[in-house]
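Single-letter residue listing:
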Amino acid sequence: MGRFVRVARNIFSSSALYPHPFKYTLPFASSSSIQSIHNSSSSLSVVVPDNHTLQQPNHNFRDITTSSSVRGAIRVKKKLQSRKAAVTTTTNNNNTAVELAFNSVVKIFTVSCSPNYLLPWQNKSQRESMGSGFVIMGRKILTNAHVVADHSFVLVRKHGSPNKYRAQVKAVGHECDLALLIVDSDEFWDGMIPLDFGDIPFLQQAVAVVGYPQGGDTISVTKGVVSRVEPTQYVHGASQLMAIQIDAAINPGNSGGPAIMGKKVAGVAFQNLSGAENIGYIIPVPVIKHFISGVEENGKYIGFCSLGLSCQTTENVHLRNHFGMQPGMTGVLVNKINPLSDAYKVLKKDDIILSFDGVPIANDGTVPFRNRERITFDHLVSMKKLNEKAVVRVMRDGQELELSIILRPIQPLVPVHQFDKLPSYYIFAGLVFVPLTQPYLHEYGEDWYNASPRRLCERALRELPKKENQQLVILSQVLMDDINAGYERLADLQVLKVNGTEIDNLEHLCELVENCSTDSLHFDLDDNRVIVLNYETAKIATCRILKRHRIPSAMSADLINAQNNLQLGLTSSC
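Residues numbered from 1 in each chain as written. Predicted model: local features only at pLDDT ≥ 70, side-chain atom pairs only at ≥ 80, totals over all residues. Heavy atoms only, no water.

The subject of this paragraph is the overall build of the protein chain. Along the protein chain, the regular secondary structure elements total 13 helices and 31 strands. Relative to its full complement of 574 residues, the protein chain shows a buried share of 52%. Considering only contacts in the protein chain between residues 6 or more positions apart, those separated by 24 or more positions represent 66%. Working note: accessible area of the protein chain is about 26600 Å², and carbon and sulfur atoms make up 49% of it. (Helix = DSSP H or I, 4+ residues; strand = E, 2+ residues; numbered from the N terminus. Buried < 20%, exposed > 50% of the residue type's maximum accessible area, 1.4 Å probe, protein only. Contact = heavy atoms within 4.5 Å. Areas by Shrake-Rupley, 256 points an atom, 1.4 Å probe, with all protein chains shown as cover.)

Structure representation (structure tokens):
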């Protein structure tokens, strides 16, 4: 099976060729590994055959009767005429797409700098990249989130202009891989025409993808047809949202460009499938509108709602009989519920969810979608607005119940991505404490699932939070000094307690250490490991270690702000 590839940006800085933090997002990704080409475009030369070429008719007909031969000739003529009309229609669509692109599609130049999660007080090398975008209503530019991820400087250039204009990122939704840019220059907007959004295209409808892919500096238009519409793994945000599969060529640099059907936008190009021929993906209009409306209503990106459930299909007849499902009854089995979700107060383990907002759920977890199509019921959940109620019909202990659940985005215990923000850290006596994140594990390389510490990896992928603002804090490394000699091998272990107090997050750990009132400082780690230090001696050693390693501060900026808000002295800063 092929691998999903985010058709991000043309990179022309060799220093940027490092493993992207979202190579793999699921523990079973080894069979269909998700690979990002955020920093490499050399392996994505895609050859797209012209699927709309008119084939030569087959003249080897054998006529049975005179009348049948006449009818056959008429059918052949009509068939040729319909094919010619189809080619003409496709050509007209492409011409329309080009005309719209001239006044709408822009090239985006991004300078970005990603943090170093192993050395969280440092950044990685600056890199330059390119992508596409297009103008929408309200003097905004829509593009992909991965085009501007970790940006420090963004420029845009419109078609036919030698000038680049400074752009600002107004909102970013990494989960849905979308971003909104604004340009203050009135000169830039002169002659620019916003594109309108259409509907989800049907299967076999023609689309034209417009953008600035590698291999040239001017607008490129590739054509194709819609092959499939279903929830798909979004590589950048590691989320599962609706996507449209097309057979048009989507290459690095195409990211953020519009897929045009007729005179309206059918989606935004964002990734393709490596190892498969001509399989590209575009973000559909419902996801785009949900992102834009959320930003307009809340002033910032909020996210996509979730029930916070882990469900199992009930396709097995013995399973259905065990839970008392009657013949003709369909639904999915609730296995696990996130304690931070509203569903935790309403639903119970082993409930059978029969319908969502009146839409019956099949035993395979799908619901009806358009004409004889089906889609997972997660799509209905994700399209809900923040704090919107959903009516769920369940069967519990043989009785059917109708329950109401408030939906909102739910953050995992271990963040899947941390774009556009610096990592948190706290250093004391050479012990480097950080919150566990998937980007931290991704620093172990492309095969991070097998290369990273197994215990941390399993917790990152499976463990659920028990309360708000909870973090798994780990001792990531030990900066060697006399004060910590003998502890140097105690790395990549979770910190459980400080002086007997169970910690909630990194800020809590920092507070406990900074306010220590005892002579000794005691850390309880995972695997029953223990670290004990003399507190006053350790404070003095901290300053010495920071200067030796040229680390500007013992804690990250967010912890400094938190400490200032609590009016605590930063005694360990040098």
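Let us now look at the nonpolar core. Membership of the largest hydrophobic core comes to 66 residues, with the highest contact counts inside it found for F134, L142, F197, I246 and F356. Counting residues in hydrophobic clusters, the runner-up holds 53 residues, among them W121, L506, L509 and A538. (Core = buried A, V, L, I, M, F, W, Y, C linked by side-chain atoms within 4.5 Å.)

We now examine the pairing of strand β12 (residues 220–234). Pairing of strand β11 (residues 206–211) with β12 involves six bridges; the strand directions are antiparallel. Across the sheet, the residue bridging to V210 is V221, located in β12. The pairing of β12 with strand β13 (residues 239–246) spans eight bridges and is classified as antiparallel. Directly across from E230, in β13, lies its bridge partner A243. Counting the residues in the hairpin turn of β12 and β13 gives four residues, including A238, whose phi is positive at 55°. (Pairing = 2+ DSSP bridges.)

Following both chains from N to C, one finds helix α11 (residues 506–514) and helix α13 (residues 557–565) inclined at 55°, their axes separated by 10 Å at the closest point. When the axis of α11 is compared with that of α13, the two are oblique. Between α11 and α13 lies a crossing whose hand is right-handed. Each of L506, E507, C510, E511 and E514 in α11 lies in contact with α13, whose residues at this interface are L559, A562 and Q563. In the contact of α11 with α13, the residues fall into four nonpolar, one polar and three charged. (Axes fitted to C-alpha atoms, helices over the stretch in contact; angles between N-to-C directions. Parallel < 35°, antiparallel > 145°, perpendicular 65-115°, else oblique. Left-handed = near helix turned anticlockwise from the far one by under 90°. Nonpolar A, V, L, I, M, F, W, Y, C, P; charged D, E, K, R; others polar.)

As a further point, take the pairing of strand β21 (residues 366–369). Note: β21 against strand β22 (residues 373–376), four bridges, orientation antiparallel. Bridging across to β22, F369 finds its partner in E373. Linking β21 to β22, which pair antiparallel, is a turn of three residues; within it R370 sits at a positive phi near 55°.

Turning to the side chain of T232, a few remarks are in order. Note on placement: T232 falls in strand β12. In this structure the side chain of T232 is engaged in a polar contact, spanning 3.1 Å, whose partner is the backbone oxygen of E230. (Polar contact = N/O pair within 3.5 Å; in protein donor to acceptor, adjacent residues only side chain to side chain.)

Glancing now at the packing of aromatic side chains. Tallied over the full model, the rule gives eleven aromatic pairs. With centroids separated by 5.8 Å and ring planes inclined at 65°, the aromatic side chains of W121 and Y425 adopt a geometry described as edge-to-face. On the criterion of sequence distance, the pair formed by W121 in the loop between β4 (105–112) and β5 (127–136) and Y425 in the loop between β24 (399–406) and β25 (426–428) is long-range, its members being 304 residues apart. Just as W121 is buried, Y425 falls in that class too. Seen from their ring centres, Y165 and F188 are 5.4 Å apart, and the 65° between their planes marks the pair as edge-to-face. Here F188 lies in helix α3 (residues 186–189) and Y165 lies in strand β8 (residues 165–166), a separation of 23 residues in the sequence. Counting every residue linked through ring pairs, the aromatic cluster contains Y165, F188 and W189. Positioned over the ring face of Y449 is R454, at 4.6 Å from the centre of the ring. (Phe/Tyr/Trp six-rings, centres within 6.5 Å; stacked < 30°, edge-to-face > 60°. Lys NZ or Arg CZ within 6 Å of the ring centre and 35° of its normal.)

As a further point, take helix α4 (residues 285–298). In this model α4 runs 20 Å from its N-terminal to its C-terminal C-alpha over 14 residues, within 8% of the 20 Å that 1.5 Å per residue would give. Within the sequence span of α4, burial applies to V285, V287, I288, H290, F291, I292, G294 and V295. Immediately beyond the C-terminal end of α4, within one or two residues, lies G299, with a positive phi of roughly 80°. (Expected span 1.5 Å × (residues − 1).)

For the rest of this paragraph, the subject is the confidence of the model for the protein chain. Averaged over the protein chain, the pLDDT score is 83; the fraction of residues at 70 or greater is 82%. The low-confidence segment residues 8–90, where pLDDT is below 50, has 142 contacts with residues more than four positions distant or belonging to other chains. Taken together, the stretch residues 568–573 has pLDDT below 50 and engages in 18 contacts with residues farther than four places along the chain or on a different chain. (pLDDT = per-residue confidence, 0-100.)

In this model helix α12 (residues 535–548) runs 20 Å from its N-terminal to its C-terminal C-alpha over 14 residues, within 8% of the 20 Å that 1.5 Å per residue would give. Within α12, burial applies to Y535, A538, A541, T542, I545 and L546. The N-cap of α12, judged by a side-chain oxygen 3.4 Å from the amide nitrogen of E536 a few residues on, is N534. Backbone geometry just downstream of α12 places R550 in the positive-phi region, at approximately 55°.

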